[in-house]
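These are the residues of each chain, in order.
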Amino acid sequence: MHDATLRAPAASAVHEPVVKAEGLSRHFDVSAPWLNRVIERSPRLILKAVEDVSFAIDKGKTFSLVGESGCGKSTVARVIVGLYPPTRGRVYFEGTDLQSTHGRAEASRMRHRMQMIFQDPFASLNPRWRVRDIIAEPIRAFGLLDGKEETERRVDELLELVGLAASDGAQYPHEFSGGQRQRISIARALASQPDFLICDEPTSALDVSVQAQILNLMKELQREFGLTYLFISHNLAVVYHVSDTVGVMYLGRLVETGPAKEVFSRPQHPYTRMLLDAIPDLDMTGRERTPVAGEIGNPINPPSGCAFHPRCPFAADRCRTEIPRPITRAGGHRIACHGIEENRIPDAVPPYQPGAGSVA
Amino acid sequence: MTAIAQDLWGGIRRFLDGDIVYSFRQSKVAVIAALVTFIMISSAICAPLLSTHNPFDPTTYNLIDAEYPPFWMEDGDPRFILGTDNQGRDMLSAILYGSRVSMAVGFFSILFAMAVGIPIGLISGYVGGTLDAVLMRIADVQLSFPAILIALLIDGLARGILPGELREGLAIYVMIFAIGISHWVLFARTVRGSCMVEKNKEYVQAARIMGRHPFFIMLRHILPNIMGPVLVIATINFALAVLTEATLSFLGVGVPPTEPSLGTLIRIGNDFLFSGLWWITIFPGAVLVILTLSVNLLGDWLRDALNPKLR
Ligand SMILES: Nc1ncnc2c1ncn2[C@@H]1O[C@H](COP(=O)(O)OP(=O)(O)OP(=O)(O)O)[C@@H](O)[C@H]1O
Ligand code: SF4
Ligand SMILES: [Mg+2]
């Protein structure tokens, strides 16, 4: 811990997270074009992809976002990395507010310290570029090294670092398998020597046998370079194995955040419990798998109050009218649920046994 | 700049190997069309070597030789394989030089259309929003006028503005401009559509995260990935441009008779059709049909080969 403070001069405070999101919201205007709106009198439609999301990630740690498809995980990632400006809220990188005027100038200087690994290994590499040029692009874009040879040497190093051969640089992406492409993606992300990596479902497009290899590589790299990860995945077993902290999202909001062990062994929010109940029983102990019940709501017109109330077995009147504020429990476990706050939800049987399964 | 050229070239080359070449060998029509196109283009380029005289140069032909029929007919002369026209010009030479003019106008007008259409399509597709809406409405308006009308309009305008002596010399450039301007919309639309697909792909997002300039992303990342459809449009529209040129020249508003294109030859021949001198108009006409047909077939094949759903 104090090691980190010594090395990072920006972290003047005792405890400065690498990345902090505060009240982050991102809305999309999905209305019909202006002319159609006027003629058909259709209303403006605002899709609230992300609403009031806050979290912090400490150096060298992995924070995971989980939740059903469309709950806004990728949007959070894109806002943080700067692909979308936030509608509201702030992103801090090592204490610098990236949205302030000062931060924006700073942001362009700091951008190389934040990189992203994408889900689709077939779409994330330009099919018309040689692997060598793909990996060298961040170096060239940020002007990190001068000289052709130096860049080439660095690219060779990176290729070997991720378990490929230096000679692979001359090939085109289509000559590689999904797993190898993901390694190329990782090499590109590492080219600018980032401190923070956003991994949006980096393994969900891969074969199960390859997933473990990629996850292990990412873990090794994290240890070696002290990387901080924002990790996004559908696969709760994977999340359990890689995360220090987990955030559960539902319809754009974080409903539960806490240490991975804590969340997996003592899930509080009814939605988290439902998600964990839906994991296939990896130990084959015969425990019944309960599928996730009900349909996810519509982010354009989410249910009132707690957006989860139509699916929640503990829903009460208050849940239908009032948006629950997060309450903090011991160990930084935060839950946004009236039922938990009112202490009227019984403790769950641990639905997911830590250590079960062998995915990672 | 050289990097862009290299990239483009690399893109075209890779696009040509693998599946595409295989599908080419499988298609007899494509092979024949390619062969015919190749022969026609190369003989047009080599026109000075293949022809007996330069039909643009009045000192090389003689009125005495006028109106010879093709050599296999009675009264034919083996010096003039396809006969001669009313001024004594060898038809084969005239056709070779004429297709040269036709193809040059077709080629450069498509090049011009690409130079206008591709950047507009890229910017429209990449930037989106109001700019895209405005550009595409302009394109819609232009598309609602037939190409030939736009070409006639510009040609007429040029005739009104340019003084007489300049007019002849500039006629061919006016044609290239007129035909090119009436074809840019197709390129812009195709490029815009493909660009909108590409820009949402993750490799473009990766480049944006690196803070790459939008122009860099459009030219180096997106453009090489959308060259396939552009090539299809270019091929098919080359044939269309040659036809438009022929139509304009046939109507007498195209290239001047001193530098005849296929269309001009057909028009000149048309006047003699009923006096029995059919070869003056039929041969250039046949060449025009064969050229545009084979280029079109090639374009159709290319489109199918690039569209995996149809394969
Ligand atoms: N550019 C956009 N324009 C309009 N709506 C968008 C845009 N990007 C995302 N959305 C919407 O925002 C919501 C959240 O999308 P997001 O991609 O963040 O979800 P996700 O949790 O990553 O889902 P998945 O697990 O399927 O990747 C979805 O309803 C989506 O349709
Ligand atoms: S707030 Fe109410 S409806 Fe929402 S999860 Fe808690 S108990 Fe269920
Ligand atoms: Mg996603």
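A tally of helices and strands in chain A yields 13 helices and twelve strands. When burial is assessed residue by residue, chain A has 50% of its 360 residues classed as buried. By sequence separation, contacts in chain A at least 24 residues apart represent 66% of the contacts at least 6 residues apart. By element, 50% of the accessible surface of chain A is carried by carbon and sulfur atoms, the whole surface being about 16800 Å².

Our next topic: the overall build of chain B. Scanning chain B from terminus to terminus reveals 14 helices and zero strands. When the helices and strands of chain B are read in sequence order from the N terminus, they spell out α-α-α-α-α-α-α-α-α-α-α-α-α-α. Taken along the three principal axes of its C-alpha coordinates, chain B extends 75 × 50 × 35 Å. The 311 residues of chain B split such that 49% are buried. Long-range pairs, those at least 24 residues apart, make up 71% of the contacts in chain B with a sequence separation of at least 6. Accessible area of chain B: about 14900 Å², with a carbon and sulfur share of 69%. Looking at chain B, you have 21 positive and 23 negative side-chain charges, and the mean spots of the two groups are 16 Å apart.

Lining the immediate environment of ligand 2, one finds 13 residues, of which Cys306, Cys312, Cys319, Cys337 and His338 of chain A sit closest. Residue composition of the shell around ligand 2, grouped by class: eight nonpolar, four polar and one charged.

Now for the interface of chain B and chain A. Across the contact, 19 residues belong to chain B and 24 residues belong to chain A. Each partner contributes to the roughly 2000 Å² buried at the junction of chain B and chain A, and carbon and sulfur atoms together form 55% of this total. Viewed at the interface, chain A and chain B are joined by one salt bridge. Arg212 of chain B is paired through a salt bridge with Glu137 of chain A; the nearest N and O atoms lie 3.0 Å apart. At the junction of chain B and chain A, the tally comes to ten residue pairs in polar contact (both at pLDDT 80 or more). Broken down by element, the residue count for the side of chain B that touches chain A peaks at seven residues, all from helix α10 (residues 202-209) of chain B. Classifying every residue of the side of chain B that touches chain A gives seven nonpolar, five polar and seven charged.

What follows concerns helix α5 (residues 131-141) of chain A. Inspection of α5 of chain A places Val131, Ile134, Ile135, Ala136, Glu137, Pro138 and Ile139 of chain A among the buried residues, and these make up the whole buried set. Of the surrounding elements, those touching the buried residues of α5 of chain A are α6 (148-161) and α7 (178-190) of chain A together with α10 and α11 (214-222) of chain B. In the segment just after α5 of chain A, Gly143 of chain A is the residue with positive phi, at about 60 degrees.

All names here are of chain A. Spatially, β6-β7-β8-β3-β9-β10-β12-β11 is the arrangement adopted by the eight strands of the open sheet, whose pairing is mixed. With partners counted over all chains shown, the strands left at the sheet margins are β6 (114-117) and β11 (327-329), one partner each. Adjacent strand axes in the sheet meet at a mean angle of 20 degrees, parallel and antiparallel pairs treated alike. Of the strand pairs in this sheet, strand β3 (residues 62-66) and strand β8 (residues 228-232) are connected by four bridges, and their pairing is parallel. Bridge pairing in β8 places Phe63 opposite Leu230. Packing against the sheet, helix α8 (residues 208-225) makes contact with β3, β7 (196-200) and β8, and its axis sits at approximately 155 degrees to β8.

What follows deals with the site of ligand 1. All names here are of chain A. Close to ligand 1 lie 15 residues; Ser69, Gly70, Lys73, Ser74 and Thr75 are nearest. Taking Cys71, its main chain carries an N or O atom lying 3.3 Å from an oxygen atom of ligand 1. Contact between ligand 1 and Glu201: an oxygen atom at 3.4 Å from a side-chain N or O atom of the residue. Every element with two or more residues in the shell around ligand 1 is listed here: β2 (46-57) and α3 (73-81).

Here we take up the nonpolar core. Formed by 63 residues in total, the largest nonpolar core has its most connected members in Ile95, Leu122, Phe187 and Ile222 of chain B. In terms of residues, this core owes the most to one element, helix α5 (residues 91-127) of chain B, which gives twelve residues. Setting aside residues no more than four positions away along its own chain, Ile222 of chain B makes contact with Leu122, Tyr126, Cys195, Glu198, Lys199, Tyr203, Val204 and Ile217 of chain B. Core analysis: the second largest hydrophobic core is formed by 54 residues, Leu125, Ile135, Ile139 and Leu236 of chain A among them.

For the rest of this paragraph, the subject is the domain arrangement of chain A. All names here are of chain A. Domain annotation for chain A reports domain 1 (4-234) and domain 2 (246-341). A C-alpha centroid distance of 27 Å is found between domain 1 and domain 2. Between domain 1 and domain 2 the total buried area reaches about 1600 Å² when both faces are included, carbon and sulfur atoms providing 60% of it. Taken as a group, Val66, Glu68 and Cys71 account for 33% of the area that domain 1 buries against domain 2, more than any other trio of residues on that side. Between the two partners, domain 1 and domain 2, sit one salt bridge.

Parameters and conventions
Residues numbered from 1 in each chain as written. Chains lettered and ligands numbered in written order. Predicted model: local features only at pLDDT ≥ 70, side-chain atom pairs only at ≥ 80, totals over all residues. Heavy atoms only, no water. Helix = DSSP H or I, 4+ residues; strand = E, 2+ residues; numbered from the N terminus. Buried < 20%, exposed > 50% of the residue type's maximum accessible area, 1.4 Å probe, protein only. Contact = heavy atoms within 4.5 Å. Areas by Shrake-Rupley, 256 points an atom, 1.4 Å probe, with all protein chains shown as cover. Lys, Arg positive; Asp, Glu negative; His and termini not counted. Charge placed at Lys NZ, Arg CZ, Asp CG, Glu CD. Near = heavy atom within 4 Å. Nonpolar A, V, L, I, M, F, W, Y, C, P; charged D, E, K, R; others polar. Buried area = accessible area lost by both parts, 1.4 Å probe. Salt bridge = Lys/Arg side-chain N within 4 Å of Asp/Glu carboxyl O. Polar contact = N/O pair within 3.5 Å; in protein donor to acceptor, adjacent residues only side chain to side chain. Pairing = 2+ DSSP bridges. Axes fitted to C-alpha atoms, helices over the stretch in contact; angles between N-to-C directions. Core = buried A, V, L, I, M, F, W, Y, C linked by side-chain atoms within 4.5 Å. Domains from an automatic or database assignment.

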